[in-house]
Amino acid sequence: MAGLITSLHTGASGLYTSQTAVQVTGNNIANASTAGYSRQVASIVSTTPLTSGGLTYGSGSAVDAIDRAGDSFIVQQLVAQSAAYGAYQAASTPLADIERIIDIGDSGLAGDIDSFFDAWEELSTNPSGTAERQQVLQEAGNLADHFHQIDQQLTEVVYGINTSIESTVPDLNNQLSQIATLNQSIMQTELVGGDANTLRDQRDLLVQQVSETCGATISTDGNGMVCLQLQNGLPLVTGNVASSFATTKVDGLTQISLTSGTTSYALAHDDFSGTLGGLLTTRDVTIPQFQNDIDRLAYTLATDVNTLITTSGGIDQNGDAATDLFALTAPADPLADAWDGAAASISVAIDNVALLAAGTTGTTADNSLCLSIAALRDTTAIDGATYGEEYARIAAKAGLLVSNNEGRLTASSDTLDELSAKRDAIAGVSTDEEMILLIQYQAGYQAASNYLATVKEMLDILMQL
Amino acid sequence: MIITRDATTYNALQSNLSRTSTALNQLYLKASSGVEVSSASDNPAAVGSILGCRSDIVKGERYVENCKHVQDTLSSSEVSMDSIERLLTRAKEIAINGANDSLSEADRATLADEVSQLQQELLDLANAKSGNTYLFAGYNDQTQPFSGSPVTYNGTADHQMIEISPGTTVAKNITGEELFMSPVNLFTTLEDLHTALTSGDSATVSAMLTPLEDAAEQVRGQLSSLGNTSARMDDMISLHENSLLLVKSTLSRHQDADLTEVLSEIAKMETSLQATMQVTARVSSLSLMDYL
């Protein structure tokens, strides 16, 4: 038979258990809105039974662990999806900038191309008119300026991306070293039998943030430490050791390198996913394509007009052979495309209306060259397209990139929301549920107290004997 | 599945609220600007058509301008050419008079004087200007085309071509060469008439009737082709104006917002936004704590 003192201990264990459970519930309620917090559950077990007088009877209850609700599969999915979301999110601003620069409005480059050829058409009706000649030079100047402006603005988008990369990298390094530190703390806490639930929550959140920034694959080693790698396999965090990123400016572009131990690796856009992947791909793949397209358009238009003027034997108002209307600077690199840098270098080579050729005979009413140049606008000069159509193709390409990216961003944001909802369903805190648990534990506490009072009365009776 | 109100429900409501407000904002912009495709991503497939239409409008308006310009220049020429025709008719009357055998020497001399006047008048008409350019000088429109005795042509045989529709050009000028010099030389014809009248031989004067008729025919031929070109310009103008209307409506179809559609879409979205807001308010009032 168990002694009354043992019964007192049994009652006390009930009190402690309820109290601990109330504490866990309280902590859940307090963290209902904490980002990345996982609901904790007091794991209540029956304590070791006692055997006395041939009977085995229970000796109360205890909280043997505070468990953390969670599903590592969903965490993995969240990490992967965050990387995709980060890439689309980061690309959306520069892509929208590119679309704005390759304008399809009334003030876009397409309008300037139309106006330039229209000015020649107008000159054809009055070939020696000063106003009409001035108009041609003016429109040629506007066209060149617009090419500069597009080139300049695309370069500014590149600068903006450089700045974004430079401001992202320090945070990323900080997160990586925090993950390494947490790995160490979690291992130490759990080695001595402690619960590292809060630390694990923090680590999961950091891992998701790192993946959103640079794209990472995640694995867990034998000590329960999280290991992160870039998608090319380079280590970001191994156990309690974090690698670190560094940035340097090379030819006006911010380049990223990863230092792991004593070795440094130079990284390119395809080594990353996430924010950095989105930014680098836009800067190193997308923008150069647009610059190349615009350069080629500027170069083709300028050389076509120049060639026509010189080969058809244009004669200016002074009776001299006409020179090029547009000036272009050839690229310094002999291996580069002939049009490389044309949008930046195109300019009007003539500043005097008398030097403009309207015809090929030097007579005052000869407008034959005007007609030939005006006809250029309808020639399929670039890949079977006229200048205007080529510009429309470039603008449509920018639009398509933006709308595709928007679509993917929405889809990945939806997936991320759905995964978060799933994670919350498993690990999130429902205040209603916690209130019910609170009532349950409170009732348990009251019951245990009543039981203790009863045992005390029994002891009192025994003492009076 | 546990629905955790703080996380699941509010997150879902929050993202729906922001999505609906963004969509609504875009609709407001469309309604106020009237433009459906303001950036390429609104409809990348329509970009080519939109820019193509704008370009066609610039060209179409220019072709209309060019047609009117050709008409204006031709009508300046027409005025002078009408006078030349009248002048030649008068010369023919003089020739008929001069061919009369009963005419005295003095009468013939008077007629010869009138022919001299006509010769001077013809030279003036041949050097007619519109603004500061000579009408019948070909490409050399800043230099007086006819001068000297006998009169020579210093202009060129070039026509100033003007584009009136893609790839089609018409001449806006009649050259002095084709009007005065070739095949019939108007100046020589009048000079011959003058000589015939002065020499006093009625048969010679009478022989001038045919060359004079040929000369008048040459001018009438040019006048008639000028009239044809001018009429063709009228046709071209209405053709271009019709196609401009068509291009403008195509542009509008690609680019402009259908206001009825946008407004009904706005009403729909506003209802949806209100519903989301009401649900949000209601969810926050639902709590077990109210009943404990």
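The rules behind the values
Residues numbered from 1 in each chain as written. Chains lettered and ligands numbered in written order. Predicted model: local features only at pLDDT ≥ 70, side-chain atom pairs only at ≥ 80, totals over all residues. Heavy atoms only, no water. Axes fitted to C-alpha atoms, helices over the stretch in contact; angles between N-to-C directions. Helix = DSSP H or I, 4+ residues; strand = E, 2+ residues; numbered from the N terminus. Parallel < 35°, antiparallel > 145°, perpendicular 65-115°, else oblique. Left-handed = near helix turned anticlockwise from the far one by under 90°. Contact = heavy atoms within 4.5 Å. Nonpolar A, V, L, I, M, F, W, Y, C, P; charged D, E, K, R; others polar. Buried area = accessible area lost by both parts, 1.4 Å probe. Salt bridge = Lys/Arg side-chain N within 4 Å of Asp/Glu carboxyl O. Polar contact = N/O pair within 3.5 Å; in protein donor to acceptor, adjacent residues only side chain to side chain. pLDDT = per-residue confidence, 0-100. Phe/Tyr/Trp six-rings, centres within 6.5 Å; stacked < 30°, edge-to-face > 60°. Lys NZ or Arg CZ within 6 Å of the ring centre and 35° of its normal. Expected span 1.5 Å × (residues − 1). Bend = angle between axes of the 7 residues up to and from the residue. Patch = residues over 30% accessible without salt bridge, like charges linked within 9 Å, V, L, I, M, F, W, Y side chains within 5 Å. Areas by Shrake-Rupley, 256 points an atom, 1.4 Å probe, with all protein chains shown as cover. Buried < 20%, exposed > 50% of the residue type's maximum accessible area, 1.4 Å probe, protein only. Pairing = 2+ DSSP bridges. Core = buried A, V, L, I, M, F, W, Y, C linked by side-chain atoms within 4.5 Å.

### Quick look at the packing of helix α2 (residues 44–98) of chain B against helix α3 (residues 105–126) of chain B
Residue and element names in this part refer to chain B.
Then step 1. Two elements in contact, α2 and α3, have axes separated by 10 Å at closest approach and are oriented at 165°. The angle between the axes of α2 and α3 places the two elements in the roughly antiparallel class. Between α2 and α3 the crossing geometry is left-handed. Between α2 and α3, the contacting residues are Ser80, Ser83, Ile84, Leu87, Arg90, Ala91, Ile94, Asn97 and Gly98 on the first element and Arg108, Leu111, Glu114, Val115, Leu118, Glu121, Leu122 and Leu125 on the second.
Then step 2. Class assignment of the residues belonging to the contact of α2 with α3 gives a composition of nine nonpolar, four polar and four charged.

### Comments concerning the interface of chain A and chain B
Often, the extent of an interface is quoted as the loss of accessible area on bringing the components together.
Then step 1. Between chain A and chain B, the residue contacts involve 51 residues of the former and 45 residues of the latter.
Then step 2. Between chain A and chain B, a total of about 3800 Å² is buried, with carbon and sulfur atoms accounting for 56% of that surface.
Then step 3. In this structure, the connection of chain A to chain B is made through five salt bridges.
Then step 4. Our count for the chain A to chain B interface comes out at 21 residue pairs in polar contact (both at pLDDT 80 or more).
Then step 5. Of all the secondary structure elements, the ones that give two or more residues to the side of chain A that touches chain B are α3 (109–125), α8 (368–376), α9 (387–427) and α10 (431–463) of chain A.
Then step 6. Per element, the largest residue contribution to the side of chain A that touches chain B is 15 residues, and it comes from α9(A).

### Side note on the confidence of the model for chain B
Then step 1. When the pLDDT values of chain B are averaged, the result is 91; 97% of them are 70 or greater.
Then step 2. With pTM at 0.86, the complex prediction returns an ipTM value of 0.86.

### Some words on the packing of aromatic side chains
Residue and element names in this part refer to chain A.
Then step 1. Throughout the structure, instances matching the rule amount to eleven aromatic pairs over all chains.
Then step 2. Every member of this aromatic cluster is reached through a ring pair, and the members are Phe116, Phe117, Trp120, Phe326 and Tyr387.
Then step 3. Taking the ring centre of phenylalanine 290 as reference, the NZ or CZ of lysine 397 above it sits at 5.1 Å.

### A closer look at helix α2 (residues 72–101) of chain A
Then step 1. An ideal rise of 1.5 Å per residue puts 44 Å on 30 residues; α2(A) measures up with 44 Å between its terminal C-alpha atoms.
Then step 2. Of all the bends in α2(A), the largest measures some 35° and sits at Ser92(A), one to four residues before the proline Pro94(A).

### A word on the side chain of Ser345(A)
Then step 1. Take Ser345(A): it is sitting in helix α7 (residues 342–345).
Then step 2. When near neighbours in sequence (up to four residues on either side) are disregarded, Ser345(A) contacts His148(A), Ala327(A), Leu328(A) and Thr329(A).

### A short note on a nonpolar patch on the surface
Then step 1. Side chains of Ile439(A), Met289(B) and Leu292(B) sit close together on the surface and give an oily, nonpolar patch of about 280 Å² of accessible area.
Then step 2. For Leu292(B), a relative accessible area of 55% corresponds to the exposed category.

### So, the sheet that holds strand β8 (residues 241–242) of chain A
Residue and element names in this part refer to chain A.
Then step 1. Pairing in this open sheet of four strands is antiparallel, and the strands run β5-β6-β7-β8 from one edge to the other. The open sheet has two edge strands, β5 (216–220) and β8, and neither has a second partner.
Then step 2. Across two bridges, strand β7 (residues 235–238) lies against β8 in antiparallel orientation. Residue pairing in the sheet places threonine 238 in a bridge with valine 241 of β8.
Then step 3. Across the sheet, helix α4 (residues 130–191) touches β6 (226–230), β7 and β8, and the angle it forms with β7 is around 25°.

### Some thoughts on the nonpolar core
Then step 1. The biggest cluster of nonpolar side chains holds 151 residues, and the ones touching the most others in it are Leu228(A), Phe245(A), Leu325(A) and Phe180(B).
Then step 2. When residues of this core are assigned to their parent elements, the largest contribution, 19 residues, is made by α4(A).
Then step 3. Apart from residues lying up to four places away in sequence, Phe245(A) is in contact with Val169(A), Leu172(A), Asn173(A), Leu176(A), Leu230(A), Leu236(A), Ile256(A), Ser257(A), Leu258(A), Leu267(A) and Phe272(A).

### As for the pattern of salt bridges
Then step 1. In this structure the tally under the stated criterion is 29 salt bridges over all chains.
Then step 2. Across the pair Arg393(A) and Glu390(A) runs a salt bridge whose closest N-O atoms are separated by 3.0 Å. Of this pair, Arg393(A) and Glu390(A) both sit in helix α9, three residues apart, which is roughly one turn of that helix.
Then step 3. Across the pair Arg220(B) and Glu85(B) runs a salt bridge whose closest N-O atoms are separated by 3.1 Å. Of this pair, Arg220(B) sits in helix α7 (residues 209–255) while Glu85(B) is found in helix α2, placing the two residues 135 residues apart along the sequence.
Then step 4. Among the residues examined, Arg220(B) registers a relative accessible area of 28% and is labelled partly exposed.
Then step 5. Residue Glu85(B) is classed as partly exposed on the basis of its relative accessible area, which comes to 21%.
Then step 6. Taken together, the shared-partner salt bridges connect Asp293(A), Arg296(A), Asp383(A), Glu390(A), Arg393(A) and Lys397(A) into one network.

### So, the sheet that holds strand β10 (residues 253–260) of chain A
Residues and elements named next belong to chain A.
Then step 1. Spatial ordering of the open sheet is given by β9-β10-β11, a layout of three strands whose pairing is antiparallel. The open sheet terminates on both sides in strands that have one partner only, identified here as β9 (244–250) and β11 (263–267). Within this sheet the neighbouring strands show an average axis-to-axis angle of 30°, counted without direction.
Then step 2. Inspection of the sheet shows β9 paired to β10 by seven bridges, in the antiparallel sense. Note that in β10 the partner of phenylalanine 245 across the bridge is leucine 258.
Then step 3. Sitting on the sheet, α4 is in contact with β9 and β10, with an inclination near 160° to β9.

### Considering the packing of α2(B) against helix α5 (residues 186–199) of chain B
Residues and elements named next belong to chain B.
Then step 1. Interhelical geometry of α2 versus α5 gives an angle of 25° and a closest axis separation of 11 Å. In terms of axis orientation, α2 runs roughly parallel to α5. Read as a crossing pair, α2 and α5 show a hand that is left-handed. For the pair α2 and α5, contact is made by Ile84, Leu87, Leu88, Ala91, Ile94, Ala95 and Gly98 and by Leu186, Leu190, Leu193 and Leu197, respectively.

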